[in-house]
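Report on the structure
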Amino acid sequence: MKSLLEYGRTNIALEQGKLQGLVYSILVEELPLANGGCSVESYGLHIAQEDGEAQSVEHVTFSYKKIESMASTLLKNRVTPTMLQEIAGDLIE
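Thresholds, definitions, all that
- Residues numbered from 1 in each chain as written.
- Predicted model: local features only at pLDDT ≥ 70, side-chain atom pairs only at ≥ 80, totals over all residues.
- Heavy atoms only, no water.
- pLDDT = per-residue confidence, 0-100.
- Helix = DSSP H or I, 4+ residues; strand = E, 2+ residues; numbered from the N terminus.
- Buried < 20%, exposed > 50% of the residue type's maximum accessible area, 1.4 Å probe, protein only.
- Contact = heavy atoms within 4.5 Å.

1. Topic: the confidence of the model for the chain
When pLDDT is averaged across the chain, the result is 91; 100% of the residues are at 70 or more. Put simply, helix H2 (residues 84-92) is where the chain has its lowest mean pLDDT, 89, and helix H1 (residues 64-76) is where it has its highest, 96.

2. Brief notes about the side chain of Gln 49
The residue Gln 49 is located in strand E3 (residues 39-49) in this model. Looking at Gln 49, the relative accessible area reads 13%, which means it is buried. Once you skip the residues sitting within four places of it in the chain, Gln 49 turns out to touch Gln 20, Gly 21, Leu 22, Thr 80 and Pro 81.

3. Overview of unusual backbone geometry
A positive phi is found at Gln 16, a non-glycine position, where the angle reads about 60°. In this structure, Gln 16 sits in the loop between strand E1 (2-13) and strand E2 (19-32). Not every positive phi belongs to a glycine, and His 59 is a case in point at roughly 55°. The topology assignment puts His 59 in strand E4 (residues 54-61). Taking relative accessible area as the criterion, His 59 reaches 41% and is therefore assigned partly exposed.

What follows is the structure, encoded as structure tokens:
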């Protein structure tokens, strides 16, 4: 089961002074382990714009602390959905 935990919101300036809202979320997915009795949470990132454009990167880490740090970096730098794949790749390396 997948769920989104909203991390934060910001706005970016577009042409002609318009603002575009961005919502940053942590994607959580519970993955069953091979033994069938236990599961582990896998974390990813999700960014959505008010206009409906959105992008996700799944299964980035099993560490909530690490994904929270990455979400903070995305929010602080106002990363858009179109740049998420590239920036997430840089943050993972």
